[in-house]
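# Architecture at a glance
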Amino acid sequence: MGIASKKQAEWLYLSKFFLMDIKIESSWKSLLADEFEKPYFTDLISFVKAEYSSKEFKCFPPGPLIFSAFDHCPLDQTKVVIIGQDPYHGPGQANGLCFSVNDGILFPPSLVNIFKEIQTDLQKPIPISGNLERWADQGVLLLNATLTVRQGQAASHQNRGWETFTDAVIQKLSAQKEQIVFMLWGGFAKKKGMSIDRHKHLVLESGHPSPLSANKGHWFRNQHFSQANNYLISVGKQAINW
């Protein structure tokens, strides 16, 4: 597909998105229908529309990938939730899944440390690709707190409504589902996960995989990946091939 065709496809998607025809996997659309009707979400859509329409800068991820975390991981298949903060803001990086990058993109430092922990925990080799769609397709919801960002401007779409939306996602999952593994890495994720019902779900907490935290001993050897799989097996679910 050429550049013009890609741009046309993105605008077609965004035009429907901005008309409140939210293009998100059907089970999530049903669960979150009431959120789409709330004033904060209408304001959020207006903001996102203006940002993605700008000729002065680009926004990530591409429009059709904004809800990629949900599209790859239907509600009834969700077994694990990993909470990130912001999409990557470099060209070609963000694909709508937290900590994930597109094929062929250099691994960001946090993703390097995630793979190192998996290598230690599960004796698995470092993968060639940093595209975590392979996790999402197994039932891992890779949820950023904020789903969009300006190129080169970290946190530029924070406090515009996305956090309210993703808080609702976590709260509804906690209330309506059972036996989900929530991985909360770092202070931000731990705060965001405070409403999770820990009598119904397994909540794993550690430091963030970023070098600043990991190098201080707050990330490595947390064994979250083996703990998650052991729990899933114990409740009759299939383990994740990390």
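Right, let's walk through the structure included here.

Rules of the game
- All chains use their own residue numbering, which begins from 1 and follows the written sequence.
- Only residues with pLDDT of at least 70 get local features here, since the model is predicted, and only at 80 or more are side-chain atom pairs given and counted; chain-wide, interface and lining totals rely on the full set of residues.
- Water and hydrogen atoms were dropped before computing side-chain values, which therefore reflect all heavy atoms in the structure.
- A run of DSSP states H or I qualifies as a helix once it reaches four residues; a run of E qualifies as a strand once it reaches two. Both are numbered from the N-terminal end.
- Side-chain atoms alone can form a polar contact between residues adjacent in sequence; in general such a contact is a pair of N or O atoms within 3.5 Å, and within protein one must be able to donate a hydrogen while the other accepts it.
- Throughout, a contact is declared for two residues whenever any of their heavy atoms are within 4.5 Å.
- The criterion for an aromatic pair is that two Phe, Tyr or Trp rings (for Trp, the six-membered ring) have centres within 6.5 Å, with stacked assigned to planes under 30 degrees apart, edge-to-face to planes over 60 apart and tilted to the rest.
- The buried label applies to any residue whose accessible area, calculated with a 1.4 Å probe on protein chains only, is under 20% of its type's maximum; exposed applies above 50%, and partly exposed to all values in between.
- Only lysine NZ and arginine CZ atoms are considered, and such an atom sits over a ring when it is within 6 Å of the ring centre and within 35 degrees of the ring normal.
- For the purposes of this section, nonpolar cores are sets of buried Ala, Val, Leu, Ile, Met, Phe, Trp, Tyr and Cys residues that join through side-chain atoms within 4.5 Å.

## Some remarks on the side chain of threonine 166
Looking at the secondary structure, you find threonine 166 in helix H8 (residues 162-176). At a separation of 3.3 Å, a polar atom in the side chain of threonine 166 contacts the main-chain carbonyl oxygen of glutamate 163. Within the local environment of threonine 166, its side chain forms a polar contact with the side chain of lysine 192, the two groups lying 3.0 Å apart. Those residues within four positions of threonine 166 in sequence are excluded, and the remaining contacts are Leu143, Asn144, Ala145, Leu147 and Lys192.

## Describing the packing of aromatic side chains
Considering all chains together, one arrives at 18 aromatic pairs under this definition. Ring geometry for tyrosine 40 versus phenylalanine 41: centroids 6.1 Å apart, planes at 90 degrees, classification edge-to-face. In this structure tyrosine 40 comes out as buried when scored by relative accessible area, which is 17%. A network of ring pairs unites the aromatic residues Trp28, Phe36, Tyr40, Phe41, Phe67, Phe70, Trp162 and Phe165 as a single cluster. The aromatic ring of phenylalanine 57 is capped on one face by arginine 150, whose charged end is 3.9 Å from the ring centroid.

## Structural notes on the nonpolar core
By size, the foremost hydrophobic cluster in this structure holds 65 residues, and its most contacted members are Phe70, Ile82, Trp135, Phe165 and Trp242. In terms of residue count, helix H4 (residues 39-53) provides more of this core than any other element does, seven residues in total. When near neighbours in sequence (up to four residues on either side) are disregarded, isoleucine 82 contacts Cys98, Phe99, Trp135, Val140, Leu141, Leu142, Leu143, Met183, Trp185 and Trp242.

## Considerations on the environment of leucine 212
Positionally, leucine 212 belongs in helix H10 (residues 211-214). Counting along the chain gives 103 residues from leucine 212 to proline 109, while the straight-line C-alpha distance between them is 9.9 Å.

## Regarding the environment of cysteine 98
Tracing the backbone through its elements, the reader meets cysteine 98 in the loop between strand S2 (80-84) and helix H6 (109-122). On the basis of relative accessibility, which here comes to 0%, the residue cysteine 98 falls in the buried class. The spacing of cysteine 98 and tryptophan 219 is 121 residues in sequence and 17 Å in space, taken between C-alpha atoms. With residues near it in sequence (within four places) discarded, cysteine 98 still touches Ile82, Ile83, Gly84, Leu132, Leu142, Leu143 and Asn144.

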